[in-house]
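# Close look at the chain arrangement
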Amino acid sequence: MIQTLEEAVGIVREIDSPGVRTMFDVHNAINEIEPHAALVNRYFEYIRHVHVNELDGKHCGAGTYDFKPVFEALQRRGYGGWISLEAFDFSYGAERLIEDSLRHLERESQQLTS
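Residues numbered from 1 in each chain as written. Predicted model: local features only at pLDDT ≥ 70, side-chain atom pairs only at ≥ 80, totals over all residues. Heavy atoms only, no water.

Examined bridge by bridge, strand β1 (residues 22-25) and strand β2 (residues 47-52) share 4 bridges and lie parallel to one another. Looking across to β2, one finds that M23 is bridged to H49. For the crossover that starts at β1, traverses helix α2 (residues 36-42) and ends in the parallel β2, the hand is right-handed. (Pairing = 2+ DSSP bridges. Helix = DSSP H or I, 4+ residues; strand = E, 2+ residues; numbered from the N terminus. Right-handed = clockwise from strand over helix to strand, strands pointing away.)

Here's what the structure looks like:
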């Protein structure tokens, strides 16, 4: 089991193929010691996909996770890949989950420094 982004990047480096990269997943980075934005910045060249959700697995905006530092790091580095919503609690219903998440992420994105 891979526990950290550093371990995932180590495997990517070992494989040493431009077709193999990793992802950054907010929820799965819950036990990382460093701030998530610092990790994204450090391992940016290896990240090709980003999953966003609250640390407890709920949809974006249903908790208190501050997405701005991660988004700022991605923006600063010129990230052009996918950012996808990952949720584990569907009790809100799919439509509300999507609408609430998109509205929350749009608000977070509008607050980014250029």
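Turning our attention to the pairing of strand β3 (residues 82-85). In the sheet, β2 pairs with β3 via 4 bridges, with the strands oriented parallel. Opposite V50, over in β3, you have I83 as the bridge partner. You can see the chain leave β2, run along helix α3 (residues 68-76) and come back into β3, and the turn it takes is right-handed.

In this section: the layout of surface pockets. In this structure, the largest pocket spans a volume of roughly 340 Å³. Forming the boundary of the largest pocket are 16 residues, of which I2, Q3, T4, L5 and N28 lie nearest the centre. Of all the secondary-structure elements, those providing two or more residues to the lining of the largest pocket are α1 (5-15) and β1. In terms of residues, the lining of the largest pocket owes the most to one element, β1, which gives 4 residues. Of the residues in the lining of the largest pocket, the class split is 8 nonpolar, 6 polar and 2 charged. (1 Å grid on protein atoms, 1.4 Å probe; cavity = no way out; pocket = protein on both sides within 12 Å on 5 of 7 lines; lining within 4 Å. Points joined across faces, edges and corners; volume = space filled by probe spheres on them. Nonpolar A, V, L, I, M, F, W, Y, C, P; charged D, E, K, R; others polar.)

A few words now on the packing of aromatic side chains. Applying the stated criterion across every chain, the model contains 3 aromatic pairs. By way of ring pairs, the aromatic residues Y65, F67 and F71 are connected into one cluster. (Phe/Tyr/Trp six-rings, centres within 6.5 Å; stacked < 30°, edge-to-face > 60°.)

So, about the sheet that holds β1. Pairing is parallel in the open sheet, where 3 strands are placed in the order β1-β2-β3. The outermost strands of the open sheet, each flanked by one partner alone, are β1 and β3. Each neighbouring strand pair of the sheet contributes to a mean axis angle of 25°, computed without reference to strand direction. Along the sheet, α1 contacts β1 and β2; its crossing angle with β1, the most-contacted strand, is approximately 170°. (Axes fitted to C-alpha atoms, helices over the stretch in contact; angles between N-to-C directions. Contact = heavy atoms within 4.5 Å.)

Another point: the side chain of N53. Following the sequence through the fold, N53 ends up in the loop between β2 and α3. For N53, the side chain forms a polar contact with the main-chain oxygen of E86, separated by 2.9 Å. Non-local contacts of N53, meaning those with residues more than four positions away in its chain, are made with D25, V26, H27, K58, C60, F67, E86, A87 and F88. (Polar contact = N/O pair within 3.5 Å; in protein donor to acceptor, adjacent residues only side chain to side chain.)

This next bit is on the side chain of T22. One can find T22 in strand β1. Once you skip the residues sitting within four places of it in the chain, T22 turns out to touch L5, A8, V9, V12, Y46, I47, R48 and H49.

Turning to the environment of E7, a few remarks are in order. Note on placement: E7 falls in helix α1. Judged by relative accessible area, E7 falls into the partly exposed class, the value being 36%. Not counting the four nearest positions on each side in its chain, E7 is found in contact with M1 and I2. A polar contact is formed between the side chain of E7 and the backbone nitrogen of Q3, at a distance of 2.7 Å. (Buried < 20%, exposed > 50% of the residue type's maximum accessible area, 1.4 Å probe, protein only.)

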